[in-house]
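The primary structure of each chain is shown beneath.
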There are 2 protein chains.
Amino acid sequence: MKLILIGFGVVGQGFAEILRDRGSELRRKHNFAAQIIGVVTASKGSLYQSSGLDPASLLQAAESGSFDNYPTQPGLRRGLTASDMIEAREADALVEASPSNLETAQPALEYCHLALDAGMHLTLANKGPVALDYANLQAKAREKGLQLRYEATVMAGTPTMHLAEAALAGCEIHSARGILNGTTNYILSQMETGKSYDEALAQAQELGYAETDPTGDVEGWDAAGKLLILGNALFASGHAMADLDVSGITAISAADIADAKAAGQRYKLIASATPAGGSVKATRLPLDDPLANVGGSTNAITLETDLMGHITLIGAGAGKLETGYAILSDLLAIKRATGLA
Amino acid sequence: MKLILIGFGVVGQGFAEILRDRGSELRRKHNFAAQIIGVVTASKGSLYQSSGLDPASLLQAAESGSFDNYPTQPGLRRGLTASDMIEAREADALVEASPSNLETAQPALEYCHLALDAGMHLTLANKGPVALDYANLQAKAREKGLQLRYEATVMAGTPTMHLAEAALAGCEIHSARGILNGTTNYILSQMETGKSYDEALAQAQELGYAETDPTGDVEGWDAAGKLLILGNALFASGHAMADLDVSGITAISAADIADAKAAGQRYKLIASATPAGGSVKATRLPLDDPLANVGGSTNAITLETDLMGHITLIGAGAGKLETGYAILSDLLAIKRATGLA
């Protein structure tokens, strides 16, 4: 399976590490031999080689800050754009792992359409395209018999989409409720130990869980983007951000946390979706709710189904290997569906 | 997909209800049109019809206590044995849903081998064959290109096996720890509210969660049977019951429960497996362990993986529709793998 990778940040590097360290195991155990033939980045340059780039050398060059330091060899081309690489029509799948843009989904969305038009399967870690243009992408993929996969966009490699799609096939899913943002969950967990919101946020920033501008996390937009994707995946709901009822955790005070605790409850930022709509809001949960006991930066989701009642999945929501694994698991699913190895 | 069903108790009836109530939806949404062509039971008789038995009539006849009350029609044959039906070689898959025998796995094990020899895929709700003879069954199935599936044997239809096999493909699983017996979990949950072991057991029996002779549950043997299956599925470990370290909850007193509570802990009957071995024992867990908060008759499992850290799945461990759904989900997996509809 020949791959073009757009973006080589945490996700792309995590995936390359897995190929570097597990390549022979994946060939042996799963008869799977993916090759990265192209990588495009905004800041490190781009590399293309039809016969396959070397994951270890890619990682070394990325660590040095530029793909200029990737060893030159016969057939290697530098400086191609994503469009150039897609138009070359040598790849079987496009891996979109550039940073998410939840306003326009561009430029990733354009590359996704180009890739489908060129007959490539699509795997996304970038939330934008599946949050904002799911229906069109899915329709095009179906029409062309191509796979559209996006496990990395929600709960990293914790197999949320695999669970809903294959493992619960035959069940009808009525609703989904989850803790989809690790940063806010970490902050709320820290506030339970007595810290103020500001102290907990500062600690999250220090540990790299929260960005310098934490707005996207603490005001609920990151969780809302994931919720749009879940709504599309589970209910083909086609909602836009404006259709969701979104608030974050910025209004939650130490006194609120203490109040909840005294009542045997716990605040969690809960993202919930039904076919009719969705919301992201800080919610007091009783302690016997499986979501109430998900601490730190862990993520979790509860699916309410017709035949199986409630099914809860708890796992990592971020991390280099964890998101890199999400890409691998999507590619293995493409392999199962298509036979491409 | 033509099916022979051995056993028509809770699991078989749950599955028949799903076919009766969801048949047209399964055809429409999943292009799946399974037909039960044979049913064999120990106490209600047996029915066989190459063109397919009617699920609604099967359920009515079962409710009356005997398949004698299934309406006679051209081509219907009564009184065939399981071997007769398998030898007729008209079915695509055998569904083994008769009661588990964890000593010899018979007579189910013989039927399983006969079915594989006859080229049929195999789906089990009966724990015996996969607990005691997994290696031989799996080897035979692989050799013949047949599917061996057994989602119903552990955590009912909660997709444990699907999670480990497909959703976490590419991860290495190092260990599994779970609450695999709902009866004992219910009893322990009740004891936390202040009841004695005897009171809690009596209540579980009243509600139908525990049998009149509760030995298999409360001494840990039911969980141990499931653990053998998990060990086989995850690690091909091939252990026998005698290799496991099994104890139950009978020695846990109200004072033990109170002690744990005072220490911020909770007793759970934890079944755990690694490639090297396994145990079933009442264990004090800290409250921030996801398994500590699984109450009542719910089941749960935590898989420790290399790439994804800990992944926890929580869901029903029993129930008519839930175990019936497990059969359906296995058959849908067979459909995905083989194209049989």
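Above this text is the structure in question.
Heads up: these notes are all about the structure in this document. (Residues numbered from 1 in each chain as written. Chains lettered and ligands numbered in written order. Predicted model: local features only at pLDDT ≥ 70, side-chain atom pairs only at ≥ 80, totals over all residues. Heavy atoms only, no water.)

Focus: the pattern of salt bridges
Alright, step 1. Per the counting criterion, the structure on display carries 26 salt bridges over all chains.
Alright, step 2. For Arg22 of chain B, the salt bridge is made with Asp306 of chain A, and the minimal N-O distance between the two is 2.4 Å. Here Arg22 of chain B is found in helix α1 (residues 10-30), whereas its partner Asp306 of chain A is found in the loop between β12 (299-305) and β13 (310-315) on a different chain.
Alright, step 3. The exposure class assigned to Asp306 of chain A is partly exposed, which follows from its relative accessible area of 22%.
Alright, step 4. Among the charged side chains, a salt-bridge network with shared partners connects Glu25 and Lys29 of chain A together with Glu172 of chain B. (Salt bridge = Lys/Arg side-chain N within 4 Å of Asp/Glu carboxyl O. Helix = DSSP H or I, 4+ residues; strand = E, 2+ residues; numbered from the N terminus. Buried < 20%, exposed > 50% of the residue type's maximum accessible area, 1.4 Å probe, protein only.)

As for the environment of Glu151 of chain B
Residues and elements named next belong to chain B.
Alright, step 1. Along the polypeptide, Glu151 turns up in the loop between β7 (148-149) and α7 (160-167).
Alright, step 2. Here Glu151 falls in the buried class, since its relative accessible area comes to 0%.
Alright, step 3. Spatially, the C-alpha atoms of Glu151 and Ser329 are 7.8 Å apart, while their sequence positions differ by 178 residues.
Alright, step 4. Reaching out from Glu151, the side chain makes a polar contact with the backbone nitrogen of Met161 at a distance of 3.0 Å. (Polar contact = N/O pair within 3.5 Å; in protein donor to acceptor, adjacent residues only side chain to side chain.)

Here we look at the environment of Ile311 of chain A
Alright, step 1. With respect to the secondary-structure elements, Ile311 of chain A resides in strand β13.
Alright, step 2. Between the C-alpha atoms of Ile311 of chain A and Gly295 of chain A, which are 16 residues apart in sequence, the distance is 18 Å.
Alright, step 3. Contacts of Ile311 of chain A, omitting those with residues within four sequence positions, involve Leu163, Leu168, Ile301, Thr302 and Leu303 of chain A together with Thr158, Pro159, Leu313, Ile314 and Gly315 of chain B. (Contact = heavy atoms within 4.5 Å.)

Here we look at the packing of helix α4 (residues 108-117) of chain B against helix α6 (residues 134-143) of chain B
Residue and element names in this part refer to chain B.
Alright, step 1. α6 packs onto α4 with a crossing angle of 15° between their chain directions and a minimal axis gap of 10 Å. What the angle tells us is that α4 and α6 run roughly parallel. Where α4 crosses over α6, the two elements pack in a sense that is left-handed. Between α4, through Leu109, Cys112, His113, Leu116 and Asp117, and α6, the contact on the second element is made entirely by Asn136, Leu137, Lys140 and Ala141.
Alright, step 2. For the contact of α4 with α6, the per-class residue count stands at 5 nonpolar, 2 polar and 2 charged. (Axes fitted to C-alpha atoms, helices over the stretch in contact; angles between N-to-C directions. Parallel < 35°, antiparallel > 145°, perpendicular 65-115°, else oblique. Left-handed = near helix turned anticlockwise from the far one by under 90°. Nonpolar A, V, L, I, M, F, W, Y, C, P; charged D, E, K, R; others polar.)

Points about the sheet that holds strand β3 (residues 46-48) of chain A
Hydrogen bonds between backbone atoms are what pair the strands of a sheet, whose relative direction is either parallel or antiparallel.
Residue and element names in this part refer to chain A.
Alright, step 1. The strand order across the open sheet built from 7 strands is β4-β3-β2-β1-β5-β6-β7, with neighbouring strands paired in mixed fashion. Two strands in the sheet have a free side with no partner beyond their single neighbour: β4 (77-78) and β7 (148-149).
Alright, step 2. Summarising the sheet, strand β1 (residues 2-6) and strand β5 (residues 93-96) pair through 4 bridges and their orientation is parallel. The residue of β5 that forms the bridge with Ile4 is Leu94.
Alright, step 3. Strands β1, β5 and β6 (121-124) of the sheet are contacted by helix α4 (residues 108-117), whose axis makes an angle of about 170° with β5. (Pairing = 2+ DSSP bridges.)

Section: the relation of the copies chain B and chain A
Alright, step 1. Once chain B is rotated about the relating axis by 180° and shifted along it by 0.0 Å, it coincides with chain A to within an RMSD of 0.0 Å. The symmetry that links the two subunits is that of a two-fold axis. No C-alpha of chain B lies nearer the rotation axis than that of Leu313 of chain B, which sits 2.3 Å from it.
Alright, step 2. Take the interface residues of chain B: 100% of them recur as interface residues in chain A, which is what a same-surface contact looks like. (Least-squares fit on C-alpha atoms with pLDDT ≥ 70 in both.)

Comments concerning the packing of aromatic side chains
Residue and element names in this part refer to chain A.
Alright, step 1. What the rule picks out here adds up to 6 aromatic pairs over all chains.
Alright, step 2. When the ring of Tyr186 is compared with that of Tyr209, the centres are 4.8 Å apart and the planes differ by 80°; the resulting orientation is edge-to-face. Highlighted residues: Tyr186 in helix α8 (residues 182-192) and Tyr209 in the loop between α9 (197-206) and α10 (215-218), separated in sequence by 23 residues.
Alright, step 3. Classification of Tyr186 as buried rests on a relative accessible area of 8%. (Phe/Tyr/Trp six-rings, centres within 6.5 Å; stacked < 30°, edge-to-face > 60°.)

What about the interface of chain B and chain A?
Alright, step 1. Tallying the contact residues gives 39 residues for chain B and 39 residues for chain A.
Alright, step 2. Carbon and sulfur atoms supply 61% of the area that chain B and chain A bury against each other, a total of about 2,900 Å² over both sides.
Alright, step 3. Here chain B and chain A share 4 salt bridges between them.
Alright, step 4. For Glu172 of chain A, the salt bridge is made with Lys29 of chain B, and the minimal N-O distance between the two is 4.0 Å.
Alright, step 5. Where chain B touches chain A, the interface holds 13 residue pairs in polar contact (both at pLDDT 80 or more).
Alright, step 6. Secondary-structure elements contributing two or more residues to the side of chain B that touches chain A are α1, α7, β13 (310-315) and α13 (320-338) of chain B. (Buried area = accessible area lost by both parts, 1.4 Å probe.)

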